[in-house]
Amino acid sequence: MTQAQLAQGRSPLLAVRDVSVVFGGIVALNGVSFDMHKGQILGLIGPNGAGKTTLFNCLSR
C-alpha cells in the first residue's frame with residue numbers, strides 16, 4: 001500500500017504477501033505479492049506454466 005493510500009485510510013480488499021509454492025523441487029510461485037482495492041480491475045497474464053492457476057488456487061481454497 002502506498003503512503004498516499006495509507007493517508008486516505010484506504011485499505012485493500014485483498015492483500016497477498018510473499019506467496020511461494022514448490023512442487024517437488026519445481027518453483028511454481030516465488031514471493032508473489034499484490035494489493036487489490038475497491039473499484040480496481042486486476043489482470044493476471046503469463047505463458048503456460050507461469051503459475052496463474054496455482055496462484056488462483058492458493059487464493060480460492
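The structure displayed is predicted, hence computed values, not measured ones.

Asks: So what's going on with the pattern of salt bridges? Residues and values would help.
Replies: Any two side chains of opposite charge can pair, given that their charged atoms come close. Using the criterion set out here, one finds one salt bridge in the structure. With a shortest N-O distance of 2.5 Å, Asp35 and Arg17 are connected by a salt bridge. Pair noted here: Asp35 is in strand β2 (residues 26-36) and Arg17 is in strand β1 (residues 14-23), with a separation of 18 residues, a long-range link.

Asks: I'd like a rundown of the pairing of β1, residues and numbers included.
Replies: Side-chain direction in a regular strand flips from residue to residue, so the side chains alternate between the two faces of the sheet. Strand direction decides the pairing type here: β1 and β2, joined by seven bridges, are antiparallel. Within the sheet, the bridge partner assigned to Val19 lies in β2 and is Val32.

Asks: Can you lay out the side chain of Thr54 for me, pointing to particular residues and giving the numbers?
Replies: With respect to the secondary-structure elements, Thr54 resides in helix α2 (residues 52-60). In this structure Thr54 comes out as buried when scored by relative accessible area, which is 18%. Beyond its immediate chain neighbours, meaning those up to four positions away, Thr54 contacts Val21, Phe23, Ala28 and Leu29.

Conventions used here
- Residues numbered from 1 in each chain as written.
- Predicted model: local features only at pLDDT ≥ 70, side-chain atom pairs only at ≥ 80, totals over all residues.
- Heavy atoms only, no water.
- Salt bridge = Lys/Arg side-chain N within 4 Å of Asp/Glu carboxyl O.
- Helix = DSSP H or I, 4+ residues; strand = E, 2+ residues; numbered from the N terminus.
- Pairing = 2+ DSSP bridges.
- Buried < 20%, exposed > 50% of the residue type's maximum accessible area, 1.4 Å probe, protein only.
- Contact = heavy atoms within 4.5 Å.

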